[in-house]
Amino acid sequence: MTIRYQTKNLAPWIDDSVLKAMQPQVASACDLLRTKKGPGSDFLGWYDPSTVVPAAELKAIKDAAKRIQEQSPVLVTVGIGGSYLGARAVLEALPFDDASEDGVSVDFAGQHISARDTQLLLESLDDEDDVSINVISKSGTTTEPAIAFRLLKAYMEDRYGKEEAKNRIYATTDAKKGALRKLATEEGYATFTIPDDVGGRFSVLSPVGLLPIAASGHDIDAMLAGAQEAFKTYGASDDVLTNDCLRYAASRVALYRQGKAIEILSVFEPAFHYLVEWWKQLNGESEGKSRTGIFPAGCEFTTDLHSMGQWIQEGQRNAFETFLIEEKPKASVVVPDTGSDLDGLGYLAGRELSEINLQAWKGVSLAHYDGGMPNSSLVVETLDARVLGNLIHFFERATGVSCYLQGVNPFDQPGVEAYKANMFALLGKPGFEAQAKALQARL
Ligand code: PA5
């Protein structure tokens, strides 16, 4: 099993009898996913990872990745939310030396409206020998990436001229509809398709994530194979007691029903920062609706033990913790023997940092448990492309099951429109005049 799920520290909140009582609901949630009969079932294209990207598209992704590697040392991807977080999570979590030598470095734009950050990015591009762009947006009208792409398109045309700029711009978007599809067709950019039935936060194993990941030199075949393994492993049975993906999904919902409204995904590896961000979006946007849903939070230990550790140990008991652990990272750093023991750490001399980090996890999980914080751990041996593909599918499937257990559509996000309408009105978008007037009166 690629992922080991350790649940000892969930007792007494969760035991087999709690889970057994949920078995009929779990089986029906699995059935809704499998038979595509649940709410939002038009967006279940991610469910079987082998069917997301047709063979010809996969070859086109690999060819384009090679072309990008020949063109430029840096690829700027433009996107936000589901059109951004998956690729960033993968690229930061995988060890750098897993990528082939010809891989490009990937930069990110379009995930905010910060003038400071955008100016820095544009200035930094002048220091690069060459630049390619991958603009990713299903709709093509999302404000943040659309603004960033306006700027980057102008930058590229200014730097290379219109003809060469268009050879360096790659668009990942809807097959037929949307502003970006139209623009890409007009301009003659190479394009990749976000399948109709795959929503943003479930799209990392589609061209959305695969093109930048392939350009960076990581093994996308291995990622897809890992996801397929997870599809088989966690699709083989609906038994909540033996299927760890279902056990995790059901346990988190059972904890929520006991008043544990926050799930903290805690990692002991800074490289997993964006994996946690991706997971937060996956769960927050999928589950947080109809006035229900677990609030997904994240902590990076041991760093956050010196900030959030106090709350987790002794604060309000309305949360539970899930640790995501890599047992044997591909890195070897040994604590040196300095010949003096003023810091009292001489007993650690000669020991691997990764071993010390593992003991930190074990100590933290028991301390938090003793403080009344239910916790469980998802443990992988060494994170590589295959294992990460497996983990991605594990989390996506668990999210689908959790949402159906809570009676919500996992695949829509109606709540993200409210702020957009206000922002458009305040910025003076035509058609929003009445709303602008009403808002101004409240400011
Ligand atoms: O998960 C989602 O659906 C969202 O986060 C979208 O991916 C995000 O809003 C970006 O949308 P688009 O790809 O249309 O620019």
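What you are looking at is a predicted structure, and each value in this text was computed from that prediction instead of being measured.

Definitions and cut-offs
Residues numbered from 1 in each chain as written. Predicted model: local features only at pLDDT ≥ 70, side-chain atom pairs only at ≥ 80, totals over all residues. Heavy atoms only, no water. Helix = DSSP H or I, 4+ residues; strand = E, 2+ residues; numbered from the N terminus. Buried < 20%, exposed > 50% of the residue type's maximum accessible area, 1.4 Å probe, protein only. Polar contact = N/O pair within 3.5 Å; in protein donor to acceptor, adjacent residues only side chain to side chain. Contact = heavy atoms within 4.5 Å. Core = buried A, V, L, I, M, F, W, Y, C linked by side-chain atoms within 4.5 Å. Domains from an automatic or database assignment. Right-handed = clockwise from strand over helix to strand, strands pointing away. Pairing = 2+ DSSP bridges. Salt bridge = Lys/Arg side-chain N within 4 Å of Asp/Glu carboxyl O. Axes fitted to C-alpha atoms, helices over the stretch in contact; angles between N-to-C directions. Patch = residues over 30% accessible without salt bridge, like charges linked within 9 Å, V, L, I, M, F, W, Y side chains within 5 Å. Areas by Shrake-Rupley, 256 points an atom, 1.4 Å probe, with all protein chains shown as cover. Expected span 1.5 Å × (residues − 1). Arc of directions from axis to C-beta. Buried area = accessible area lost by both parts, 1.4 Å probe. Nonpolar A, V, L, I, M, F, W, Y, C, P; charged D, E, K, R; others polar.

1. So, the side chain of Asn-409
Reasoning step 1: Assignment of secondary structure puts Asn-409 in the loop between helix H13 (385–405) and helix H14 (417–427).
Reasoning step 2: The exposure class of Asn-409 is buried, given its relative accessible area of 19%.
Reasoning step 3: Only 2.8 Å separates the side chain of Asn-409 from the backbone nitrogen of Phe-411, close enough to count as a polar contact.
Reasoning step 4: Residue contacts for Asn-409: discarding those within four places in its chain leaves Pro-39, Gly-40, Ser-286 and Lys-289.

2. Considerations on the nonpolar core
Reasoning step 1: In this structure, Leu-275, Trp-278, Leu-383, Leu-388 and Phe-395 are the most contacted members of the largest nonpolar core, which totals 87 residues.
Reasoning step 2: For this core, the element with the most residues is H13, which contributes 11 residues.
Reasoning step 3: Built from parts of two domains, this core gets at least three residues from each of domain 1 (4–36 + 224–413) and domain 2 (49–218).
Reasoning step 4: Here Phe-395 is in contact with Tyr-248, Trp-278, Trp-279, Leu-282 and Leu-378, once residues within four sequence places are set aside.
Reasoning step 5: The next biggest cluster of nonpolar side chains, apart from the first, holds 21 residues, and it includes Leu-125, Val-135, Phe-149 and Tyr-189.

3. Let's talk about the pairing of strand S2 (residues 74–78)
Side chains on a regular strand alternate between the two faces of the sheet.
Reasoning step 1: Among the 5 residues of S2, 5 are classified as buried, and the element is accordingly described as predominantly covered.
Reasoning step 2: Judged by which residues are buried, S2 turns out to be covered on both faces: Val-74, Val-76 and Val-78 on one side and Leu-75 and Thr-77 on the other are all buried.
Reasoning step 3: Regarding topology, helix H3 (residues 85–93) serves as the crossover connection from S2 to the parallel strand S3 (residues 105–109), and that connection is right-handed.
Reasoning step 4: The pairing of S2 with strand S4 (residues 131–136) spans 5 bridges and is classified as parallel. Its bridge partner being in S4, Val-76 is matched across the sheet by Ile-133.

4. Things to note about the pattern of salt bridges
Reasoning step 1: Under the defined criterion, the tally for this structure stands at 27 salt bridges.
Reasoning step 2: Two residues, Lys-62 and Asp-221, come together in a salt bridge whose shortest N-O distance is 2.9 Å. Of the two residues, Lys-62 sits in helix H2 (residues 55–71) while Asp-221 sits in helix H8 (residues 220–235), which places them 159 residues apart along the sequence.
Reasoning step 3: A relative accessible area of 37% means that Asp-221 is categorised as partly exposed.
Reasoning step 4: Each of Lys-153, Glu-157, Lys-162 and Glu-187 takes part in salt bridges that share partners, so that together they form one network.

5. A short note on the sheet that holds strand S10 (residues 375–380)
Reasoning step 1: In space, the 5 strands of this open sheet follow the order S1-S10-S9-S7-S8, with mixed pairing throughout. The open sheet has two edge strands, strand S1 (4–6) and strand S8 (295–300), and neither has a second partner. Across the sheet, the axes of successive neighbouring strands diverge by a mean angle of 20 degrees, strand direction being ignored.
Reasoning step 2: Alignment of S1 against S10, held across 3 bridges, turns out to be antiparallel. Within S10, the residue paired with Arg-4 across the bridge is Val-379.

6. Digging into a nonpolar patch on the surface
Reasoning step 1: A cluster of nonpolar residues, Ile-113, Ile-147 and Leu-151, forms a patch on the protein surface that exposes about 250 Å² of accessible area.
Reasoning step 2: Position of Ile-113 among the secondary structure elements: in the loop between S3 and helix H4 (115–125).

7. With respect to H2
Reasoning step 1: The first and last C-alpha atoms of H2 sit 24 Å apart over 17 residues, in line with the 24 Å expected at 1.5 Å per residue.
Reasoning step 2: Those residues of H2 that sit buried are Glu-57, Leu-58, Ile-61, Ala-64, Ala-65, Ile-68, Gln-69 and Gln-71. Projected onto a plane normal to the axis of H2, the buried residues spread over an arc of 160 degrees and lie on a single side. Summarising the geometry of H2, the exposed residues directed more than 90 degrees from the buried face are Ala-55, Ala-56 and Glu-70.

8. Regarding the domain arrangement of the protein chain
Reasoning step 1: By the assigned domains, the protein chain splits into domain 1 (4–36 + 224–413) and domain 2 (49–218).
Reasoning step 2: For domain 1 and domain 2, the distance between their C-alpha centroids amounts to 30 Å.
Reasoning step 3: Residue-level contacts link 28 residues of domain 1 with 21 residues of domain 2.
Reasoning step 4: Of the roughly 2200 Å² buried where domain 1 meets domain 2, counting both sides, 66% is carbon and sulfur surface.
Reasoning step 5: Taken as a group, Leu-224, Tyr-274 and Gln-281 account for 30% of the area that domain 1 buries against domain 2, more than any other trio of residues on that side.
Reasoning step 6: On the surface where domain 1 and domain 2 come into contact, there are 2 salt bridges.
Reasoning step 7: A salt bridge links Arg-201 to Glu-285; its shortest N-O distance comes to 3.0 Å.
Reasoning step 8: Of all the secondary-structure elements, those providing two or more residues to the side of domain 1 that touches domain 2 are H8, helix H10 (273–287) and H13.
Reasoning step 9: Looking at which element gives the most residues to the side of domain 1 that touches domain 2, the answer is H10, with 8 residues.
Reasoning step 10: Of the residues in the side of domain 1 that touches domain 2, the class split is 15 nonpolar, 6 polar and 7 charged.

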